[in-house]
Amino acid sequence: LLSPEPETEGVPSSAGVIYWACELPPTVQRSGETPMPLGGDPRTEPLRILVVDDDAAVRESIVHALDALGHQPVGAASPTLALRALGATPIDVVLADLFMPEMNGISLAQIIRRTNASMPIILLSGYEQGPEIEMEIRRGTITALIEKPISVQQLHDTLQQVRRPLDPPHGS
């Protein structure tokens, strides 16, 4: 998903232009239809996912991938905008970059936890992580970590894992 391709056939890369290789897993989608998430289960409700990343290219790539997976992504360019969106929009999952200039993803998660203890929060990082992340997962501050570059399949699998507590028990 987020692996830059230096050159696409017939289109040389140039300064200011980023090419992304994005191989989507199979989805059930025909022209004019709403995409259905992997697994093809029409009873699966799409997740409303807040994507927080200060890098516009990364944020938009993730938003497009989530949309292709049948979810309802909302992008936020900063933690401040993310907190505003959380106050104004129903959100099921937060997907945030770990390192952002205004506030890191752990601090954002801690603020979210003050008002929503059960919100799944997935952090993204392109850097090797130390024990702090594992500690925050054990504490429940964050739900999961995905290391960049991420694949659409990895994104889908992680969302399925964090989704389980959101789904009502069978027979409800």
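Our structure's up above, just so we're on the same page.
In this text the structure is predicted, and so the values were computed from the model without any measurement.

Student: Describe unusual backbone geometry, and please don't skip the residues or the numbers.
Tutor: The linkage connecting K148 with the following residue, P149, adopts the cis geometry, with an omega of -5°. By secondary structure assignment, the location of P149 is in the loop between β9 (144-147) and α5 (152-163).

Student: Account for the pairing of strand β8 (residues 121-125), with residues named and values stated.
Tutor: Counting buried residues along β8, five of its five residues qualify, which places the element largely inside the surrounding structure. The side-chain alternation of β8 yields two buried faces, one formed by I121, L123 and S125 and the other by I122 and L124. Note that strand β7 (residues 93-97) and β8 share four bridges and pair parallel. Bridge pairing in β8 links D97 to L124. What joins β7 to β8 is helix α3 (residues 105-115), and the crossover it makes is right-handed.

Student: Give me the lowdown on the sheet that holds β7, citing residues and values where you can.
Tutor: Taken together, the five strands give an open sheet; going across it, the order is β6-β5-β7-β8-β9, and neighbouring strands pair in parallel fashion. On the outer flanks of this sheet lie β6 (72-76) and β9, each paired with one strand and no other. Direction aside, the axes of adjacent strands within the sheet are offset by 20° on average. Packing of helix α1 (residues 56-68) onto the sheet brings it into contact with β5 (48-52), β6, β7 and β8, and relative to β6 it is tilted by some 170°. The strands that α5 touches are β5, β7, β8 and β9; relative to β9, the one it contacts most, it runs at about 180°.

Student: Just give me the short version of α3, but keep the residues and values in it.
Tutor: For α3, the set of buried residues is G105, I106, L108, A109, I112 and R113. For α3, the angular spread of buried residues about the axis comes to 155°, placing them on one side. Opposite its buried face, α3 presents the exposed residues R114 and T115, each directed more than 90 degrees away. Buried residues in α3 make contact with β5, α2 (79-88), β7, β8 and α4 (131-139). The residue sitting at the N-terminus of α3 and contributing the capping side-chain oxygen is N104; that oxygen lies 3.0 Å from the backbone nitrogen of I106.

Student: Report on the side chain of E136, specifying residues and quantitative values.
Tutor: Structurally, the position occupied by E136 is in helix α4. Owing to a relative accessible area of 3%, E136 belongs among the buried residues under this scheme. Sequence-distant contacts of E136, that is, excluding residues within four places in its chain, are made with I106, Q110, T141 and I142.

Student: Explain the packing of α1 against α5 residue by residue, including any values.
Tutor: Contact pair α1 / α5: the axes reach a minimum separation of 11 Å and the direction vectors enclose 65°. As summarised for this structure, α1 and α5 are arranged roughly perpendicular, according to the angle between their axes. Remark: the crossing between α1 and α5 carries right-handed chirality. Residue-level contacts link I62, A65 and L66 of α1 to V152, L155 and L159 of α5. Class assignment for the residues of the contact of α1 with α5 results in six nonpolar, no polar and no charged.

Student: Before we move on, could you go through the pairing of β6 and cite the residues and values that matter?
Tutor: In this sheet, β6 lies alongside β5 in parallel orientation, the contact comprising five bridges. Across the sheet, the residue bridging to V52 is A76, located in β6. For the crossover from β5 across α1 to β6, the handedness is right-handed.

Student: If you had to explain the packing of α2 against α3 to someone new, which residues and values would you point to?
Tutor: Contact geometry of α2 with α3 gives a least axis separation of 11 Å together with a crossing angle of 20°. In terms of their interaxial angle, α2 and α3 are classed as roughly parallel. In terms of crossing hand, the pair formed by α2 and α3 is right-handed. On the side of α2, the interface is formed by P79, L83 and L86, while α3 contributes L108, I111 and I112. Partitioned by chemical class, the residues of the contact of α2 with α3 number six nonpolar, no polar and no charged.

Procedures and definitions
Residues numbered from 1 in each chain as written. Predicted model: local features only at pLDDT ≥ 70, side-chain atom pairs only at ≥ 80, totals over all residues. Heavy atoms only, no water. Helix = DSSP H or I, 4+ residues; strand = E, 2+ residues; numbered from the N terminus. Buried < 20%, exposed > 50% of the residue type's maximum accessible area, 1.4 Å probe, protein only. Pairing = 2+ DSSP bridges. Right-handed = clockwise from strand over helix to strand, strands pointing away. Axes fitted to C-alpha atoms, helices over the stretch in contact; angles between N-to-C directions. Contact = heavy atoms within 4.5 Å. Arc of directions from axis to C-beta. Polar contact = N/O pair within 3.5 Å; in protein donor to acceptor, adjacent residues only side chain to side chain. Parallel < 35°, antiparallel > 145°, perpendicular 65-115°, else oblique. Left-handed = near helix turned anticlockwise from the far one by under 90°. Nonpolar A, V, L, I, M, F, W, Y, C, P; charged D, E, K, R; others polar.

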